[in-house]
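Descriptive analysis of the structure
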Protein chains: 2
Amino acid sequence: MEDFKKLYGEAKEKIDTLLMQVMNGREPASLYQPAGYIMESPGKRIRPVLVMFSAKAVGGSWDDVIHASLAVEMLHNFTLVHDDIMDNADTRRGRQTLHIKYDLSTAILTGDVLLAAAYEYLQRDLKGNAKAVEHFTKGLIEVCEGQSLDKDFEIRGEVSLNEYIEMIGKKTAALSRMCCAVGAILGGGSDAEVEALSNYGYLVGLAFQVQDDLLDITADASALGKPVGGDLLEGKKTFLFFKALEKATGDDLSSLERIITNKGAKPEEISYFKNLYTNLGVLEDARIEVERLTNEALHQLEVLKNPKDIEMFISLANALLNRTK
Amino acid sequence: MEDFKKLYGEAKEKIDTLLMQVMNGREPASLYQPAGYIMESPGKRIRPVLVMFSAKAVGGSWDDVIHASLAVEMLHNFTLVHDDIMDNADTRRGRQTLHIKYDLSTAILTGDVLLAAAYEYLQRDLKGNAKAVEHFTKGLIEVCEGQSLDKDFEIRGEVSLNEYIEMIGKKTAALSRMCCAVGAILGGGSDAEVEALSNYGYLVGLAFQVQDDLLDITADASALGKPVGGDLLEGKKTFLFFKALEKATGDDLSSLERIITNKGAKPEEISYFKNLYTNLGVLEDARIEVERLTNEALHQLEVLKNPKDIEMFISLANALLNRTK
């Protein structure tokens, strides 16, 4: 784990340093200054790290994929900028969102140019390997589809757990899958390696999202940086919510359904729902699902040759899933 | 010219037929139905035709670039959807714009997925030729930069004619250049052919825009489908306006400057400005500039081998520039 932390830190520092510069010197400033503001926002840089680790694990180097790594972070930030507009979010990571700091037009256009710049950066690492662009584009399309499904679910009453899993698969897991695929392809991996790492990325992405849903109830408010039960307050449909809907009966079921009708729970109801989730066993269900997905993800690593790389991916999964916020 | 009309018609029909289908059967409908609505909107399809003609002119076939042709039309429509939001436009080509027919979030996301689908379609014609993606991405970035400059100019008082030419170069001409480049590359053209056709596309794009500025004053209202002098009413800075600013003195200069201050002219002032433009000779300047750009564009065609292809590109330029609306 110490080795992992050191390596992750090194990769992140490399990325952070470059992200501070990527938009420098580009004109017009009216476009690239807001783009720089976003790229400099602090973040975990999980996605570029996935690209770098994947390249390394199949015999390539970080340098082989450094632009591709920046590209996936740009793509990720493109989604954040546009999603924040759609969600009417005023802040992100403690900073003003772009459409608040500037205006709607600037935010739309900055998102667009981040995506364009992502393709520009990706190209620099292709060395004629068009397959990486295919995976990149597939990931992008799925992210758009996932966001559209997520918006649908806010409006539609009836949504199933399976549909929810499809949605987070596209909105969250497709991107981490793509990161691993692009890293493995540009690192020179075999088809089997590309597939195994893609699966790893997808499964870890799903596990990450279910864990996120769980933390909304189980984390402390101070670690979370927002009130416990925020998803319930917002009426957000989560893994816990769908599982509870499946299991609850009578008054309990009615109160869950009221969250849909009222588009959210009241603050004074949070402890009732927390108890309900506990009693129905859905917190436990979520923990089991996270573990199942993680185990399946780790199972994919058998294809890798170097035990050291396997260890890094195991530590990465653990770091993502044993977090407290 | 008859041959040209026939050929253009055939290319357009091929594109129109495919555009009716490109978004069919894709899920979720909440995303691809609005995308289909946009792709089915009638249009001249100049950009895909440029791709197809360019491929043909260097020895390739329309079939070699049919997906790339659809891709540039998707990219173009992505810019329209997002620009219409930024411009608060309610209608386009006589149909409701997307953010009016649906809502803001749908319009943003539909634009995004059109761009993503554009890359997906482009890939289908690449056959390992990553250079076409480079040109495609460069065109995309320039379009974003051009749109940003255009927004800047609405706010900034002082803008020069040179800056205006840079802006339309990016916002309009970069895309027609890219269409010719992509077509020529995927059609198997030599570097010299790719460069010459790219230049043709760029110069014709610039000429098209200056002609557009000119038509705002010289066309009749019925052909234009909007009031004559619409650019003046909106305070839009055009080739005519910048030329007039350079040449006018005294009261005439003051009245031009008032358009900037008041963000537009009054309807009763249009005939005064039309006379001013005529007297200052800026309508003539614009005509000369269109002719100069067109001649320079046609000069590029010398590289082509087949006289028939040269004729098609000459007719295309003439059709674009001798239009009445």
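Note that the structure is predicted; figures quoted are calculated from it, not measured. (Residues numbered from 1 in each chain as written. Chains lettered and ligands numbered in written order. Predicted model: local features only at pLDDT ≥ 70, side-chain atom pairs only at ≥ 80, totals over all residues. Heavy atoms only, no water.)

Observations regarding the overall build of chain A
- In terms of helices and strands, chain A carries 16 helices and two strands.
- Dimensions of chain A, computed from C-alpha atoms along their principal axes, come out at roughly 60 × 50 × 35 Å.
- Across the 325 residues of chain A, 59% fall into the buried class.
- Sequence separation of at least 24 residues holds for 73% of the intrachain contacts in chain A that already meet a minimum separation of 6. (Helix = DSSP H or I, 4+ residues; strand = E, 2+ residues; numbered from the N terminus. Buried < 20%, exposed > 50% of the residue type's maximum accessible area, 1.4 Å probe, protein only. Contact = heavy atoms within 4.5 Å.)

Regarding unusual backbone geometry
- A cis geometry characterises the amide bond from Glu27(A) onward to Pro28(A), with omega recorded as 0 degrees.
- Of note in this structure, Arg45(B) is not a glycine but carries a positive phi near 60 degrees.
- Along the chain, the position of Arg45(B) falls in the loop between α2 (29-39) and α3 (46-57).

Details of the relation of the copies chain A and chain B
- Note on the identical chains: chain A maps onto chain B by a rotation of 180 degrees and an axial translation of 0.0 Å, with an RMSD of 0.0 Å. On the angle and the small slide along the axis, the relation comes out as a two-fold axis. Every residue of chain A has its C-alpha some distance from the rotation axis, and the shortest such distance is that of Ala130(A), at 3.1 Å. (Least-squares fit on C-alpha atoms with pLDDT ≥ 70 in both.)

Here we look at the nonpolar core
- Tyr200(A), Tyr277(A), Tyr200(B) and Tyr277(B) are the most contacted members of the largest nonpolar core, which has 226 residues in total.
- Ignoring any residue separated from it by four or fewer positions in sequence, one finds Tyr200(B) in contact with Leu50(B), Cys180(B), Ala297(B), Leu298(B), Gln300(B), Leu301(B), Phe313(B), Leu316(B) and Ala317(B). (Core = buried A, V, L, I, M, F, W, Y, C linked by side-chain atoms within 4.5 Å.)

Side note on helix α8 (residues 161-186) of chain A
Residues and elements named next belong to chain A.
- Helix length check: α8, at 26 residues, gives a terminal C-alpha distance of 35 Å against a target of 38 Å (1.5 Å per residue), a fit within 8%.
- Taking the largest bend as the criterion, α8 deviates by roughly 50 degrees, centred on Ala173.
- Of all 26 residues making up α8, 20 are buried, and the element is well covered by its neighbours.
- Among the residues trailing α8, Gly188 stands out with phi positive, at a value near 90 degrees. (Expected span 1.5 Å × (residues − 1). Bend = angle between axes of the 7 residues up to and from the residue.)

Focus on the interface of chain A and chain B
- Residue-level contacts link 37 residues of chain A with 37 residues of chain B.
- Both sides together, the interface formed by chain A and chain B hides about 3,000 Å², and carbon and sulfur atoms give 70% of it.
- Between chain A and chain B we count zero salt bridges in total.
- At the surface where chain A touches chain B, the tally comes to 14 residue pairs in polar contact (both at pLDDT 80 or more).
- Looking at the side of chain A that touches chain B, the elements that each hand over two or more residues are α2 (29-39), α4 (66-86), α6 (104-124) and α7 (131-155) of chain A.
- At 13 residues, the largest contribution of residues to the side of chain A that touches chain B is made by α6(A).
- Considered class by class, the residues forming the side of chain A that touches chain B number 19 nonpolar, nine polar and nine charged. (Buried area = accessible area lost by both parts, 1.4 Å probe. Salt bridge = Lys/Arg side-chain N within 4 Å of Asp/Glu carboxyl O. Polar contact = N/O pair within 3.5 Å; in protein donor to acceptor, adjacent residues only side chain to side chain. Nonpolar A, V, L, I, M, F, W, Y, C, P; charged D, E, K, R; others polar.)

Quick notes on the side chain of Asp83(B)
All names here are of chain B.
- By the element assignment, Asp83 lies in helix α4 (residues 66-86).
- Although Asp83 is buried, it makes no salt bridge; Lys171 carries the closest opposite charge, 4.0 Å away.
- With residues near it in sequence (within four places) discarded, Asp83 still touches Gln147 and Lys171. (Lys, Arg positive; Asp, Glu negative; His and termini not counted.)

Thoughts on the confidence of the model for chain A
- Within chain A, residue pLDDT values average 95, and 98% of them lie at 70 or more.
- As scored by the predictor, the complex reaches a pTM of 0.96 and an ipTM of 0.95. (pLDDT = per-residue confidence, 0-100.)

Concerning the environment of Asp213(A)
Residues and elements named next belong to chain A.
- Mapped onto the fold, Asp213 is located in helix α9 (residues 191-218).
- The class for Asp213 is buried, based on a relative accessible area of 2%.
- Non-local contacts of Asp213, meaning those with residues more than four positions away in its chain, are made with Tyr164, Asp231, Thr238, Phe239 and Leu240.
- A polar side-chain atom of Asp213 sits 2.3 Å from a polar atom in the side chain of Tyr164.

A look at the packing of aromatic side chains
- Scanning all chains against the criterion turns up 21 aromatic pairs over all chains.
- Ring-pair connections join several aromatic residues into one group, and the members of that group are Phe4(A), Tyr8(A), Phe53(A), Trp62(A), Tyr200(A) and Phe313(A).
- Of note, Arg95(A) hangs over the ring of Tyr37(A), and the distance from its end group to the ring centre comes to 4.1 Å.
- Its end group placed over the ring of Tyr121(B), Arg124(B) keeps NZ or CZ at 4.2 Å from the ring centre. (Phe/Tyr/Trp six-rings, centres within 6.5 Å; stacked < 30°, edge-to-face > 60°. Lys NZ or Arg CZ within 6 Å of the ring centre and 35° of its normal.)

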